[in-house]
Amino acid sequence: MPITEDRPLAVFYEHPDWFKPLFEELDRRGVPYVREHASAHRFDPAISPRYSLVLNRMSPSAWLRGNGNAIFYTLQYLAYLEDRGVRVVNGRRAFLAEISKAYQLTLLQRLGLPYPRARVINDAARAAEAAEGLRFPVVLKPNIGGSGAGVRLFRTLAELQEAAASGQLDTGLDGTALVQEYIPQEGGAIVRVEVLGGRFLYAIRIYSDGESFNLCPADVCQTVSGEELVRQACPVDAPRNGLRVESYRPPAEQVEDVERIMATAGIEVGGVEYFVDARDGRLYYYDINALSNFVADATRVVGFDPFARLADYLEAEAV
């Protein structure tokens, strides 16, 4: 059934800039849609929604922008929509994976896929104890992160013990965190594989100095050859961060792994990140995302506009 004015598409989102290209594409097509900003939202359980489809694009990094209240609220809203039979792209199951790094590791373990060894804690004071048996350096990651938020590197056990003893560790919004082995990346690069409809869409290789944990594709500044990229999904005054990117075609095995991950997590639109250990050449999956803001200047980098492909998918999935 086509999207109509009576039964429009709804985009549930929070970040002020990441979704501008999608809105522009929907406007260009004349698709009836509603923007639902998650920061100040409400619903009535007694009323059936009138939407033909809802695209959930809520960001776990919302707490960095003062909208942390919307993260757990989103679970309630998605449950309501799904209970009323509304077609939701990246529904409640997908969002549960998005907001729990601990669950992501459980999922990878279930699938038999490699990931950096980690321990999950709910008491920052026990971080050093949890690191026993792990290879240093380690990182402490809040369970609910987004854009590398709150990730800290500790090169020695003594550094971690000192931070834990002084109360300097932040376990984030839900008081849960990972103590995880830090993997030096071969060539200073990570690979991000994007899916649409749960199937491979494209992949990119992002290069950094290894000191930053924010590898947001929309924030990448330039190609590996030094060409500046147009970052439409970022604020015009966004700082240049030195990230470089190139299109990449992963081996078939990694594509298959990513599609299995996304199917298990219920993620239709999103990305999985992996890297190769510079010390021994082993591959590790380390991040599962139910939020894709897509690479900056995608037509130049990967050869097509993923927002147009996303709009195609939404129109086809509307019921």
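(A) Spotlight on the pairing of strand 9 (residues 189-196). Of all the eight residues making up strand 9, eight are buried; the element is thus mostly covered by neighbouring parts of the structure. In strand 9, alternate side chains face the same way, and those of Ala 189, Val 191, Val 193 and Val 195 on one face and Ile 190, Arg 192, Glu 194 and Leu 196 on the other are all buried. Alignment of strand 9 against strand 10 (residues 199-207), held across eight bridges, turns out to be antiparallel. From the neighbouring strand, Arg 192 faces strand 10, where its bridge partner is Ile 204. The hairpin turn running from strand 9 into strand 10, its antiparallel successor, is two residues long, and Gly 197 in that turn takes a positive phi close to 65°. By the bridge criterion, six bridges tie strand 9 to strand 13 (residues 269-276) in an arrangement that is antiparallel. Within the sheet, the bridge partner assigned to Val 191 lies in strand 13 and is Tyr 274.

(B) Representation of the pattern of salt bridges in the model. Scanning the entire structure with this criterion turns up 19 salt bridges. Among the ionic pairs, Arg 87 bridges to Glu 317, the shortest N-O distance being 2.6 Å. Here Arg 87 is found in the loop between helix 2 (69-83) and strand 4 (88-89), whereas its partner Glu 317 is found in helix 9 (residues 306-317), with 230 residues between them in sequence. What makes Glu 317 partly exposed here is its relative accessible area of 25%. A salt bridge links Glu 129 to Arg 126; its shortest N-O distance comes to 2.7 Å. A relative accessible area of 47% means that Glu 129 is categorised as partly exposed. Each of Glu 25, Arg 28, Arg 29, Asp 312 and Glu 315 takes part in one network of salt bridges that share partners.

(C) Structural detail: the confidence of the model for the protein chain. Per-residue pLDDT for the protein chain averages 90, and the proportion of residues at 70 or more is 88%. Note that residues 233-239 has pLDDT below 50 and, in this model, 11 contacts with residues that lie over four places away or in other chains.

(D) Expanded view of the sheet that holds strand 2 (residues 33-37). Taken in spatial order, the four strands make up an open sheet running 2-1-3-4, and their pairing is parallel. For this open sheet the edge positions go to strand 2 and strand 4, each flanked by a neighbour on one side alone. Note that strand 3 (residues 53-57) and strand 4 share two bridges and pair parallel. What sits directly across from Val 54, in strand 4, is Val 88. Of the strands in this sheet, strand 1 (9-13), strand 3 and strand 4 touch helix 9, which is tilted by about 140° from strand 3.

(E) Inspection of the packing of aromatic side chains at higher detail. Summed over all chains, the structure comprises 14 aromatic pairs. With a centroid separation of 6.0 Å and an interplanar angle of 55°, the aromatic rings of Phe 43 and Tyr 73 are classed as tilted. Placement of Phe 43 in the loop between strand 2 and strand 3 and of Tyr 73 in helix 2 is noted, with a sequence separation of 30 residues between them. For Tyr 73, a relative accessible area of 21% gives the class partly exposed. Each ring, one from Tyr 202 and one from Phe 294, has its centre 6.3 Å from the other, and the planes form 50°; the classification is tilted. You can see Tyr 202 sitting in strand 10 and its partner Phe 294 sitting in the loop between strand 14 (283-289) and helix 8 (298-302), a full 92 residues away along the chain.

(F) Structural context of the environment of Val 88. Tracing the sequence through the fold places Val 88 in strand 4. When the C-alpha atoms of Val 88 and Ala 318 are compared, they prove to be 9.2 Å apart, with 230 residues separating the residues in sequence. If sequence neighbours within four positions are ignored, Val 88 has contacts with Val 54, Asn 56, Leu 78, Leu 81, Glu 82 and Glu 268.

(G) Broad picture of the packing of helix 1 (residues 20-29) against helix 9. Interaxial distance between helix 1 and helix 9 falls to 9 Å at its minimum, and their mutual angle equals 60°. Judged by the inter-axis angle, helix 1 sits oblique to helix 9. The interaxial crossing formed by helix 1 with helix 9 has right-handed handedness. Residues Pro 21, Leu 22, Glu 25, Leu 26 and Arg 29 of helix 1 form the contact with helix 9, whose participating residues are Phe 307, Ala 308, Leu 310, Ala 311, Asp 312 and Glu 315. The residue inventory of the contact of helix 1 with helix 9, partitioned by class, reads seven nonpolar, no polar and four charged.

Conventions used here
Residues numbered from 1 in each chain as written. Predicted model: local features only at pLDDT ≥ 70, side-chain atom pairs only at ≥ 80, totals over all residues. Heavy atoms only, no water. Buried < 20%, exposed > 50% of the residue type's maximum accessible area, 1.4 Å probe, protein only. Helix = DSSP H or I, 4+ residues; strand = E, 2+ residues; numbered from the N terminus. Pairing = 2+ DSSP bridges. Salt bridge = Lys/Arg side-chain N within 4 Å of Asp/Glu carboxyl O. pLDDT = per-residue confidence, 0-100. Contact = heavy atoms within 4.5 Å. Axes fitted to C-alpha atoms, helices over the stretch in contact; angles between N-to-C directions. Phe/Tyr/Trp six-rings, centres within 6.5 Å; stacked < 30°, edge-to-face > 60°. Parallel < 35°, antiparallel > 145°, perpendicular 65-115°, else oblique. Left-handed = near helix turned anticlockwise from the far one by under 90°. Nonpolar A, V, L, I, M, F, W, Y, C, P; charged D, E, K, R; others polar.

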